[in-house]
Amino acid sequence: MQTSVTTIEKFISEQENRYPDATGELSNLLYDIALAAKIIAAAIRRAGLVNILGSAGSGNVQGEEQQKLDILANETMKNCLSHTGRVCVMCSEEEEDIIPIPANVDAGKYAVLFDPLDGSSNIDVNSAVGTIFSIYRRVSLEGRGTVEDVLQPGCRQVAAGYVMYGSSTMLIYTTGQGVHGFTLDPTIGEFLLCHPRIITPRVGRYYSINESNFGRWDKAVQQAVRGFHGDRPLEMAGKNSRYIGSLVADFHRNLIAGGVFMYPADTKNPRGKLRLLYEAAPMAFIAEQAQGSATDGLNRILDIVPTALHQRTPLVIGSREDVGYVADTLRRLQVSPRPTGTLETSVL
Ligand code: AHG
Ligand code: MN
Ligand code: MN
């Protein structure tokens, strides 16, 4: 049995020790999120049992009504973050407005944004889902945080990461010093370092896109995807297709194995489907830190200045050359960017 392991706690504190001015607050915030991840992972593991236990007439163990997992994940994130004194404001994909911290808690210096349960349609079919988080330093000067603390461009993130609840639970994060991955050992309840310094391949093996939208994309996007099919061999070698419908799982596979994930604008989602603050920006920070890249098709995701909490954006993310190929194709076919950086869709 292996006796020497690196826990997430040890790894983060060793990284932090390199900075003499560090206060430890960001490290503690990451541990808070790791704790939330363990609680959510435990609930997801039992998700398939809920009906079985329910049909035995027992409800759950505490006799509470079972909550939907996305609500449970949202509440868990809030509970693990709001009372720590490290956070001034939160923001969740599940909630309309910013989430203030309780009045009796001192406000900290960080704003935390999250998608508590990403890929939630996969829950019912026992496939991978995740939690995505993004952390900014507050810009408001005092008191509880405000909306301006969360409406910051992605390039100002101080940390971002995701948890993937798959065949095992993994936590991947960056603080701008590379991307590091940990696997939860359920027997000891600790995240252990398994992927230090993840570098994503420059060219990917996979492309990941919901092809049922093909007829709703503009011509340039269709052309780029035809390249991935292998129909334009002089520009792009064909790739293998993989799509789960859970950004965390699709992104994670491509990060490790190499590939490009796209959710472009279409006639149903003219500004794209994914959310800039909870999905695109944190994943873009991770992609860039792993030497990949992320655009809205043309423009760098991390440069987009958000104007609304639930703003959507088209997303092309993953291996650098593949993301570049999509941008070149869109540029060649003269798709014009909007001032916000989202794509103009000249629909067929
Ligand atoms: P969420 O479950 O947080 O609403 O996110 C679902 C997102 C994302 O995870 C995934 O990439 C995308 O929706 C899938 O959309 P389609 O079903 O339209 O392909
Ligand atoms: Mn999501
Ligand atoms: Mn979600």
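Structure first, text after, so check above.
Please read all numbers here as calculations on a predicted model, not as lab measurements. (Residues numbered from 1 in each chain as written. Chains lettered and ligands numbered in written order. Predicted model: local features only at pLDDT ≥ 70, side-chain atom pairs only at ≥ 80, totals over all residues. Heavy atoms only, no water.)

A.B. asks: Help me understand the overall build of the protein in this model?
C.D. replies: The helix and strand tally for the protein stands at nine helices and 15 strands. Counting across all 348 residues of the protein, residues that qualify as buried make up 53%. For the protein, the proportion of contacts with a sequence separation of at least 24, taken over those separated by at least 6, is 64%. With an accessible surface of roughly 15,500 Å², the protein has 49% of that area assigned to carbon and sulfur atoms. (Helix = DSSP H or I, 4+ residues; strand = E, 2+ residues; numbered from the N terminus. Buried < 20%, exposed > 50% of the residue type's maximum accessible area, 1.4 Å probe, protein only. Contact = heavy atoms within 4.5 Å. Areas by Shrake-Rupley, 256 points an atom, 1.4 Å probe, with all protein chains shown as cover.)

A.B. asks: I'm lost on the sheet that holds strand 2 (residues 99–100) in this one. Help?
C.D. replies: The strands making up a sheet associate through hydrogen bonds between their backbones, and the pairing can be parallel or antiparallel. Here eight strands make up an open sheet; going across it, the order is 2-1-3-4-5-6-7-8 and the pairing mixed. Among the strands making up the open sheet, the edge pair consists of strand 2 and strand 8 (190–195). Pairing of strand 6 (residues 169–174) with strand 7 (residues 179–185) involves five bridges; the strand directions are antiparallel. Bridge assignment links Leu171 to a residue of strand 7, and that residue is Phe182. Most of the contacts of helix 8 (residues 276–289) go to strand 5 (residues 157–165), to which it runs at about 100°, and overall it touches strand 1 (87–92), strand 3 (110–118), strand 4 (129–137), strand 5, strand 6 and strand 7. (Pairing = 2+ DSSP bridges. Axes fitted to C-alpha atoms, helices over the stretch in contact; angles between N-to-C directions.)

A.B. asks: Would you mind showing me how to read the site of ligand 1 here?
C.D. replies: Taken together, 16 residues lie near ligand 1, and Asp118, Gly119, Asn210, Tyr243 and Tyr263 sit nearest. Asp115 is positioned with one of its side-chain polar atoms (N or O) 3.1 Å from an oxygen atom of ligand 1. Look at ligand 1: alone it shows 470 Å² of surface, and the protein chains cover 79% of it. Taken together, the residues of the shell around ligand 1 break down into six nonpolar, five polar and five charged. (Near = heavy atom within 4 Å. Polar contact = N/O pair within 3.5 Å; in protein donor to acceptor, adjacent residues only side chain to side chain. Nonpolar A, V, L, I, M, F, W, Y, C, P; charged D, E, K, R; others polar.)

A.B. asks: Explain the coordination of the manganese ion (ligand 2) here, please?
C.D. replies: Tetrahedral coordination by four donors puts the ideal angle at the metal at 109.5 degrees, and octahedral coordination by six puts it at 90 or 180 degrees. Coordination sphere of the manganese ion (ligand 2), protein contribution only: Asp115 (OD), Asp118 (OD) and Glu279 (OE), at 1.8 to 2.2 Å. Sequence positions of the donors to the manganese ion (ligand 2) reduce to the motif D-x2-D-x160-E. Between the two metals, the manganese ion (ligand 2) and the manganese ion (ligand 3), the spacing is 3.7 Å, and Asp115 donates to both. Of the two residues, Asp118 sits in strand 3 while Glu279 sits in helix 8, which places them 161 residues apart along the sequence. For Glu279, a relative accessible area of 5% corresponds to the buried category. (Donors = N, O, S within 2.8 Å, 3.2 Å for Na, K, Ca; no water.)

A.B. asks: I'm lost on the coordination of the manganese ion (ligand 3) in this one. Help?
C.D. replies: Those donors, Glu93 (OE), Asp115 (OD) and Leu117 (O), are the protein atoms that reach the manganese ion (ligand 3), and they lie 2.2 to 2.5 Å from it. Linear spacing of the donor residues for the manganese ion (ligand 3) on their chain is E-x21-D-x1-L.

A.B. asks: Help me understand helix 6 (residues 219–229), please; the structure alone is not making it clear to me.
C.D. replies: Spacing of three or four residues puts side chains on the same side of an α-helix, whose turn is 3.6 residues. Burial analysis of helix 6 places eight of its eleven residues in the buried class, the great majority of the element. Restricting attention to buried positions, one finds in helix 6 the residues Ala220, Val221, Gln222, Gln223, Ala224, Val225, Gly227 and Phe228. Considering only its buried residues, helix 6 is in contact with strand 9 (206–208), strand 11 (259–263) and helix 9 (320–332). At the N-terminal end of helix 6, a side-chain oxygen is found 3.1 Å from the backbone nitrogen of Ala220, two or three residues along, and the residue is Asp218.

A.B. asks: Help me understand the pattern of salt bridges in this model?
C.D. replies: Enumeration according to the criterion identifies twelve salt bridges in this entry. In this structure, Glu25 engages Lys109 in a salt bridge whose closest nitrogen and oxygen atoms are separated by 3.7 Å. Here Glu25, found in helix 2 (residues 25–45), pairs with Lys109, found in the loop between strand 2 and strand 3; they are 84 residues apart in sequence, far enough to count as distant. Taken together, the shared-partner salt bridges connect Glu75, Lys78 and Glu95 into one network. (Salt bridge = Lys/Arg side-chain N within 4 Å of Asp/Glu carboxyl O.)

A.B. asks: How should unusual backbone geometry be read in this particular structure?
C.D. replies: In most cases, non-glycine residues show a negative phi, while peptide bonds are predominantly trans. Backbone geometry places Arg197, a non-glycine residue, at a positive phi of 50°. Relative to the assigned elements, Arg197 resides in the loop between strand 8 and strand 9. Residue Gln291 is not a glycine yet carries a positive backbone phi of 70°. One can find Gln291 in the loop between helix 8 and strand 13 (293–295).

A.B. asks: Honestly, the nonpolar core in this entry has me stumped. Any pointers?
C.D. replies: Grouped together as the largest cluster of nonpolar side chains are 42 residues, with contacts concentrated most on Tyr162, Leu247, Phe251, Met283, Ile301, Leu315 and Ile317. Among the domains, domain 1 (8–195) and domain 2 (206–345) are the pair contributing at least three residues each to this core. Aside from chain neighbours lying at most four places away, what touches Ile317 is Phe251, Gly259, Val260, Phe261, Met283, Ala284, Ala287, Ser293, Ala294 and Val323. In terms of nonpolar packing, the next biggest core, distinct from the first, is built from 41 residues, Ile33, Ile40, Ala73 and Phe182 among them. (Core = buried A, V, L, I, M, F, W, Y, C linked by side-chain atoms within 4.5 Å. Domains from an automatic or database assignment.)

A.B. asks: Looking at this structure, how should I read the environment of Phe114?
C.D. replies: The topology assignment puts Phe114 in strand 3. Exposure remark for Phe114: the relative accessible area of 0% places this residue in the buried category. Considered as a pair, Phe114 and Lys78 are 36 residues apart in the sequence and their alpha carbons are 9.7 Å apart. Apart from residues no more than four positions distant in its own chain, Phe114 is found in contact with Asn74, Met77, Lys78, Leu81, Met90, Cys91, Ser92, Glu93, Ile99, Ile132, Phe133 and Tyr278.

A.B. asks: How should I be thinking about the pairing of strand 11 in this particular structure?
C.D. replies: Note on strand geometry: in a regular strand, side chains alternate between the two faces of the sheet. Within strand 11, five of the five residues are buried, which leaves the element mostly enclosed by the surrounding structure. A two-sided burial pattern is seen for strand 11, the buried positions comprising Gly259, Phe261 and Tyr263 on one face and Val260 and Met262 on the other. With three bridges joining them, strand 9 and strand 11 adopt parallel strand pairing. By the bridge assignment, Ser208 is partnered in strand 11 with Phe261.

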